[in-house]
Amino acid sequence: SEYAEDFMNTNNYGLSRMLRRFMPIMKDNGHFLCVASSFGSLTKLDPKLHGLFDVSKMSVDDVDASTAKYLASLLAGTAAEEGWPSWVNTPSKIAQVASIKITARDPQWQARGIRVNAVCPGLVKTDAS
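Here the structure is a predicted model, which is why all the values come from computation and not from measurement.

Some details on the pattern of salt bridges
Inference 1: Counted according to the given criterion, the structure contains four salt bridges.
Inference 2: With a closest N to O distance of 3.0 Å, D64 and R20 form a salt bridge. With D64 in helix α2 (residues 60-76) and R20 in helix α1 (residues 2-22), this residue pair connects regions lying 44 residues apart in the sequence.
Inference 3: Exposure remark for D64: the relative accessible area of 13% places this residue in the buried category.
Inference 4: Put simply, R20, D61 and D64 are held in one network by salt bridges that share partners.

Points about the pairing of strand β1 (residues 31-35)
Inference 1: Burial along β1 is one-sided: the residues F32 and C34 are buried and none of H31, L33 and V35 is.
Inference 2: In terms of strand pairing, β1 meets strand β2 (residues 115-119) through five bridges, oriented parallel. Of the residues in β2, the one forming a bridge with C34 is A118.

Quick word on α2
Inference 1: Taking 1.5 Å as the rise per residue, α2 with 17 residues should run 24 Å; its terminal C-alpha atoms sit 24 Å apart, in good agreement.
Inference 2: When α2 is considered as a whole, its buried residues turn out to be V60, V63, D64, S66, T67, Y70, L71 and S73.
Inference 3: Taking the backbone nitrogen of D61 as reference, a side-chain oxygen 3.3 Å away marks S59 as the first, capping residue of α2.

Things to note about the layout of surface pockets
Inference 1: Looking at the second largest pocket, its volume works out to about 170 Å³.
Inference 2: Residue lining of the second largest pocket: L19, R20, M23, S59, V60, D61, T103, D106, Q108 and W109, and that is the complete set.
Inference 3: For the lining of the second largest pocket, a count of residues per class yields four nonpolar, three polar and three charged.

Here we look at the side chain of Q96
Inference 1: As for its placement among the helices and strands, Q96 is situated in helix α3 (residues 89-104).
Inference 2: A polar side-chain atom of Q96 sits 3.2 Å from the main-chain carbonyl oxygen of N11.
Inference 3: For Q96, the side chain forms a polar contact with the side chain of K93, separated by 3.1 Å.
Inference 4: Excluding anything up to four places from it in sequence, Q96 contacts N11, N12, L15, C34, V35 and A36.

Here's the deal with α3
Inference 1: Taking 1.5 Å of rise per residue, 16 residues should cover 22 Å, and α3 covers 22 Å from first to last C-alpha, within 8% of that figure.
Inference 2: The buried fraction of α3 amounts to 14 of the 16 residues, a majority that puts the element mostly inside the structure.

With respect to the packing of aromatic side chains
Inference 1: Inspection of every chain in the model, using the stated rule, returns five aromatic pairs.
Inference 2: Centre to centre, the rings of Y3 and F7 are 5.7 Å apart; their planes meet at 45°, and the pair counts as tilted. On the criterion of helical spacing, the pair formed by Y3 and F7 is a turn pair, its members being four residues apart in helix α1.
Inference 3: The interplanar angle of 90° and the centroid separation of 6.2 Å between the aromatic rings of F53 and W84 together place this pair among those described as edge-to-face.

Looking at the nonpolar core
Inference 1: Grouped together as the largest cluster of nonpolar side chains are 31 residues, with contacts concentrated most on F32, F53, V63, W84 and W109.
Inference 2: Of all elements in the fold, only α1, β1, α2 and α3 reach the threshold of two or more residues within this core.
Inference 3: No other element matches the six residues that α1 contributes to this core.
Inference 4: Setting aside its immediate chain neighbours within four residues, W109 contacts L19, M23, M26, F32, T103, I114 and V116.

Calculation notes
- Residues numbered from 1 in each chain as written.
- Predicted model: local features only at pLDDT ≥ 70, side-chain atom pairs only at ≥ 80, totals over all residues.
- Heavy atoms only, no water.
- Salt bridge = Lys/Arg side-chain N within 4 Å of Asp/Glu carboxyl O.
- Helix = DSSP H or I, 4+ residues; strand = E, 2+ residues; numbered from the N terminus.
- Buried < 20%, exposed > 50% of the residue type's maximum accessible area, 1.4 Å probe, protein only.
- Pairing = 2+ DSSP bridges.
- Expected span 1.5 Å × (residues − 1).
- Polar contact = N/O pair within 3.5 Å; in protein donor to acceptor, adjacent residues only side chain to side chain.
- 1 Å grid on protein atoms, 1.4 Å probe; cavity = no way out; pocket = protein on both sides within 12 Å on 5 of 7 lines; lining within 4 Å.
- Points joined across faces, edges and corners; volume = space filled by probe spheres on them.
- Nonpolar A, V, L, I, M, F, W, Y, C, P; charged D, E, K, R; others polar.
- Contact = heavy atoms within 4.5 Å.
- Phe/Tyr/Trp six-rings, centres within 6.5 Å; stacked < 30°, edge-to-face > 60°.
- Core = buried A, V, L, I, M, F, W, Y, C linked by side-chain atoms within 4.5 Å.

Geometry only, nothing functional implied.
See below:
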């Protein structure tokens, strides 16, 4: 569980902190790129959990709350029975992609012409793969 907390703190809370802090200092018409994964697709998540990542009506803060809910379930030992995947990378990447989708449609970013995208480079050998 400590590994999961570190993982989510880096991949998810780190991303949301960057989005909040970079927006004011980015140049107009700039680009914000997040390296994500095909594991960030909701098809990798139990349908009963999809509402936790419904980007049509969420903020990045809401994604952080969903991430916290996942971590709480993991720490309580109830994640599997709640339908969460066993591999921490999957919910992490789903949350990353959700945050990027929300930010890409944010009127503040759009008004300044800042493009926000996620790329999925394919399998990359890391400690998490």
